Amino acid sequence: MKKRIFSVALAICLVLGLMPMSVFADPAEVIQIDVGGANVDNENYLIDDSRIILRKRDVTYELTGTTDKNISLWGSNDAADIDQAFYIRANGVTVNGGILVQNSPVKMVLELAGENTISKLSANDLTIKGAGTLYATALNVTQKTTYMPSALHITDATVVVNTLTSAGDSCEWNGPCVLDGSASVKFISNNNYAALKVGVKSGDTTHSLTLRDSAKLYCLQTDASNPADYSVSGLELYGSTVLHLQDSSYLEAEGRDTTGSYPGYGIVSQKDIIVEGSAKIKATGYDAAISTGGSVKVSGGTVEVKSEYSNGIYADASVEITNGANVTAAGSWPAIFGSGSVSISNSTVDATSTNDTAIFSRGDVTIENSRIKANAADGNDGIGANNSYTVSGSWVESTGSETPNTITNSAYLNGNSGKVTGDLTLPGSVTLPEGKTLDIPEGASLTVGGGNTFTNNGAVSVNGTVTNNGTVVCNSHSGGKATCKDQAICDLCKEPYGDLDTKNHTDLVKTDAVDATVEHTGNIAYWYCSGCEKYFADEQGENEITKEDTVLPQLAPEITEGMNGKWTLGGKDTLRFVSNAPYADFKSVSVDGTVIGAENYTVSEGSTVVELKSEFLNTLATGEHMLTVSSTAGDAKTQLTVLAAPTATPTAAPSASPTAAPTATPTVKPTAAPSARPTAVPTATPTVKPTATPTPAPKADPNNPKTGSSNLPVIFGSAALVLSGGALAAVLIYKKKRHEK
């Protein structure tokens, strides 16, 4: 139990020993000094013509005023004094000579209030805090001694270090260096040295640089494009120094161009570079933007890098991009080069190389549940690995023609075309660029998850399945087929789009031709589409017609019996005409365009049978007339001829041949009484009545059967003549018989 308590106590001591001085409370005693004041020498400080010496530790010196002198702090070589520190509150002070540590290492705690200028500032263990600003030309954390380790802690304060052109070397930090709170530190190099070096002291395994909270560090060049004679980098990390960004911290570094063979790096390190949380690194270089002998590990943060002549990111070990990280890298050589391996998981990467493969490893490349854009130089693979290249659950756009060794449940685009393999649930929001096509083949599926958006600016062919649980934005619809009634339905977003296809009919039905009759209209053969409610003359539905165009008009009626009928005045019967119009459609009868009264005719069924009465017919003038039987369907017409009543034409009596008058034969008058019959009776010569010359009967017209009684007078006349002849013959016979008696 005692050993355990001792171990805990020792651990606490070690932790406290590594903590920056700011964790300790400032001393209560405050000594105010006007650095531009008169010379003075007391137990607290010394001001003379050339310098200012602060004599006490563990008190707070509040500095104001302006001086060109330097302020000296005297350290101690006594290990017992390791925890003692100089506390300085800079309250609008200007110290052009800087604050310098003399003789032995010291700890310094600098609190900033207002704007302050201290040209040079160095300490073995340095803490800078407060809401004020410090302007300097050099800020150093000196190398450790045998009994005092180096350390730096900057919290909340704003520090701007603009190095001098004549400075012999860069500013350097050693030991564990921490920036936190709202600290903002900016180094600007005006010479041929890196803006900042960290971990210069060899053999010291405590070196590290950590940014956390919303702290910011800038390692910049006055003019990065102005070539230097040497390699001038933004941030150089030596030895065991690990760079670690956490929370929402930010680091920006830039290297400088060169006239020689060694251009500057943005960030160069021998150990790991770690980005976590919402932290961000922005680095540019003429050599690699980020180069490390260890690994680059980006977990949830953001990295934006660009190299003019080399890699965006180079790691001698591995590049690991995970946990929602967002990396944008550009370079002349592989934009992302993990010599040992490259692994990307649940992240987004956009890599562009102007002269090589975009993403490369001498080992394996593994991509899982990520969104990748790999833009390589012409003729190069977008992504390459000397060993195995595996993709799963990812969306990959590559300008190369490479094929992963293994690909599952992913969309992979080579150039302008790609396809979905397996069942892909998009690993985030993605956009299909304009001019690119994506095929979702049969058996494959694409699912847009909740909270994600798929934006289509290209063309998507869907033969498989699309499931939208998020948002689909189609700026370029594709698939589906428009009809005469409905727009096409986009295969992807399932929304209607485009114009109607007037030649693609959904329900084109043929109606066969029907001949028109006098009883009803007919129609031509035609096709009707209930979708667009249009009529067509062809089965392809191309020749549009109107509904009226389909109708064949009802046939006009005709006189089927009684055509060119004739009537002889004086007749007593009726004259019959038959129209083939339906009886129900009958309207009227006209003669010579004048409708006659219904009392002048009868009408009956059998089509339409009209019989003109003799009383009416006998009122007509002889000659040609136009008879019209009107029905709903039209007029049936025929010519009607009215003939004059026949008159008897007298035939001249035949001249009797003159014969000698018979001479009476003289007979002796009988002696008998005069009552005796005369023996000779003069024979009367009968006068034969002239026979009327019959009018020849008209020839029968097979097309005009007589349905009336126009031949009856002839029949009766003939019969009378026969009877008259019979009577005359009887008389003659009788006379002859009497005479013969």
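Predicted, not measured: the structure shown is a model, and the values here were computed from it.

Novice: So what exactly am I meant to see when it comes to the nonpolar core here?
Specialist: Side chains of a nonpolar character, in soluble globular proteins, are inclined to be buried together. Ile128, Trp173, Leu209, Leu217, Leu235, Ile267 and Ile281 are the most contacted members of the largest nonpolar core, which totals 94 residues. Residues Ala411, Leu426, Ile440 and Ala444 belong to the second largest nonpolar core, which totals 25 residues.

Novice: Looking at this structure, I do not really get the packing of aromatic side chains. What am I missing?
Specialist: Each aromatic ring pair is described using two quantities: the centre-to-centre distance and the angle formed by the ring planes. With the rule as written, the count across this model stands at 10 aromatic pairs. With a centroid separation of 6.4 Å and an interplanar angle of 65°, the aromatic rings of Tyr389 and Tyr412 are classed as edge-to-face. A residue pair is termed long-range when its members are at least 10 positions apart, and Tyr389 in strand β44 (residues 389–392) and Tyr412 in strand β47 (residues 410–414) qualify at 23 residues. By relative accessible area, which is 3% here, Tyr389 ends up buried. For Tyr412, a relative accessible area of 6% translates into the label buried. Consider the rings of Tyr526 and Tyr535, whose centres lie 5.7 Å apart with planes at 50°: the pair is tilted. Grouping residues by exposure puts Tyr526 and Tyr535 together as buried.

Novice: Is there a simple way to think about the environment of Ala556 in this case?
Specialist: Residue position: Ala556 is located in the loop between β64 (551–552) and β65 (559–561). In this structure, the C-alpha to C-alpha distance between Ala556 and Ala581, residues 25 residues apart in sequence, is 8.1 Å. Aside from chain neighbours lying at most four places away, what touches Ala556 is Val518 and Ala633.

Novice: It is not clear to me how the sheet that holds strand β72 (residues 623–631) should be interpreted in this structure. Could you clarify?
Specialist: Strand pairing in a sheet relies on backbone hydrogen bonds, with the paired strands running either antiparallel or parallel. The strand order across the open sheet built from five strands is β66-β73-β72-β68-β69, with neighbouring strands paired in mixed fashion. In this open sheet, the two edge strands, each paired with only one partner strand, are β66 (565–568) and β69 (594–595). Examined bridge by bridge, strand β68 (residues 586–591) and β69 share two bridges and lie antiparallel to one another. Of the residues in β69, the one forming a bridge with Val591 is Thr594.

Novice: In this structure, what is going on with unusual backbone geometry? I would like to understand it.
Specialist: For residues other than glycine, phi is negative in most cases, and the peptide bonds are mostly trans. Of note, the phi angle at Asn369 is positive, near 50°, even though the residue is not glycine. Within the fold, Asn369 resides in the loop between β41 (364–368) and β42 (371–375). Among the residues examined, Asn369 registers a relative accessible area of 32% and is labelled partly exposed. We note that Asn564 has phi near 55°; this positive angle belongs to a residue other than glycine. When you line up the elements, Asn564 lands in the loop between β65 and β66. Given the relative accessible area of 34%, Asn564 is considered partly exposed.

Novice: Hey, could you run me through the side chain of Ser332 in this one?
Specialist: With respect to the helices, strands and loops of the structure, Ser332 is situated in the loop between β36 (326–331) and β37 (336–338). Of the residues examined, Ser332 reaches a relative accessible area of 6% and is grouped as buried. Here the side chain of Ser332 touches Asn355 through a polar contact of 2.8 Å, side chain to side chain. Those residues in contact with Ser332 that lie beyond four places of it in its chain are Ser307, Glu308, Tyr309, Ser310, Ser353, Thr354, Asn355 and Asp356.

Novice: Whenever I open this one, the pairing of strand β4 (residues 51–54) confuses me. Can you help?
Specialist: Consecutive side chains along a regular strand alternate between the two faces of the sheet. Where strand β3 (residues 45–47) and β4 come together, three bridges link them in antiparallel fashion. When the sheet's bridge partners are listed, Ile47 is paired in β4 with Ile52. Hairpin remark: β3 followed by β4, antiparallel, with three residues in the connecting loop. Pairing analysis gives four bridges linking β4 to strand β7 (residues 70–74), with the strands arranged parallel. Bridged to Ile53 within β7 is Ser72.

Novice: When you look at the pairing of strand β17 (residues 151–155) in this model, what are you seeing that I'm missing?
Specialist: Counting buried residues along β17, five of its five residues qualify, which places the element largely inside the surrounding structure. The two faces of β17 match: Ala151, His153 and Thr155 on one face and Leu152 and Ile154 on the other face are all buried. Pairing analysis gives five bridges linking strand β14 (residues 125–130) to β17, with the strands arranged parallel. Bridge pairing in β17 links Ile128 to Ile154. Looking at chain direction, β17 and strand β20 (residues 176–180) are connected through four bridges and run parallel. Residue pairing for β20: Thr155 is matched across the bridge by Asp180.

Novice: How should I be thinking about the sheet that holds strand β67 (residues 575–579) in this particular structure?
Specialist: Spatial ordering of the open sheet is given by β65-β67-β71-β70, a layout of four strands whose pairing is antiparallel. Every interior strand has two partners, whereas the edge strands, β65 and β70 (601–605), have only one. Strand-to-strand twist in this sheet, taken as the mean axis angle between neighbours without regard to direction, amounts to 30°. By the bridge criterion, five bridges tie β67 to strand β71 (residues 608–612) in an arrangement that is antiparallel. Bridge pairing in β71 places Arg576 opposite Glu611.

Calculation criteria
- Residues numbered from 1 in each chain as written.
- Predicted model: local features only at pLDDT ≥ 70, side-chain atom pairs only at ≥ 80, totals over all residues.
- Heavy atoms only, no water.
- Core = buried A, V, L, I, M, F, W, Y, C linked by side-chain atoms within 4.5 Å.
- Buried < 20%, exposed > 50% of the residue type's maximum accessible area, 1.4 Å probe, protein only.
- Phe/Tyr/Trp six-rings, centres within 6.5 Å; stacked < 30°, edge-to-face > 60°.
- Helix = DSSP H or I, 4+ residues; strand = E, 2+ residues; numbered from the N terminus.
- Contact = heavy atoms within 4.5 Å.
- Pairing = 2+ DSSP bridges.
- Polar contact = N/O pair within 3.5 Å; in protein donor to acceptor, adjacent residues only side chain to side chain.
- Axes fitted to C-alpha atoms, helices over the stretch in contact; angles between N-to-C directions.

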